[in-house]
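# Breakdown of the fold
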Amino acid sequence: MAIEEGTDCHCCGEAPAVVICLTCETPLCGTCVRLEDYGFGCDGGKVVAFCPDCYADPTKNTVLKYDG
Ligand SMILES: [Zn+2]
Ligand SMILES: [Zn+2]
């Protein structure tokens, strides 16, 4: 995934975006992004990025389903 040069974070609108939400593709800065460690199976895990909304949504952040 690539971010266009000069894209601002769509969460705070102040900082330049450095990453895109995995599910809704909202551009996010390093402060607003929520990182989730998908550490399943034998692959050693994979870190994915969510916006705060998707991070809190169990239908998008499937880590919440498996937690406990
Ligand atoms: Zn931000
Ligand atoms: Zn999102």
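The structure we're discussing is the one just above.
Before going into details, it helps to say that this report is about the structure given with it. As the structure is a computational prediction, the values presented were derived from the model and not from experiment.

Once that is clear, we can look at the environment of Asp 53. With respect to the helices, strands and loops of the structure, Asp 53 is situated in helix 1 (residues 52-55). Accessibility expressed as a C-beta count within 10 Å gives 15 for Asp 53, which makes it partly exposed. Sequence separation between Asp 53 and Arg 34 is 19 residues, and the spatial gap between their C-alpha atoms is 9.4 Å.

Across residues other than glycine, the phi torsion is negative in most instances, and most of the peptide bonds are trans. Positive phi values are uncommon outside glycine, yet Glu 25 reaches one of about 60 degrees. Mapped onto the elements of the fold, Glu 25 is located in the loop between strand 1 (19-20) and strand 2 (27-28). Residue Glu 25 is classed as partly exposed on the basis of its 13 C-beta neighbours within 10 Å.

Rules used throughout
Residue indices follow the written sequence of each chain, beginning from 1 at its first position. Ligands are numbered from 1 and chains lettered from A, in the order in which they are written. The predicted origin of the model limits local features to residues at a pLDDT of at least 70 and limits the giving and counting of side-chain atom pairs to 80 or more, whereas totals for whole chains, interfaces and linings rest on all residues. Here a helix means four or more residues in a row that DSSP labels H or I, a strand means two or more in a row labelled E, and each is numbered from the N terminus. Whether a residue is buried, exposed or partly exposed is read from the other C-beta atoms within 10 Å of its own C-beta, which are placed from the backbone; 20 or more gives buried, 12 or fewer gives exposed, and intermediate counts give partly exposed.

These results come straight from atomic positions and should not be treated as a statement about function.
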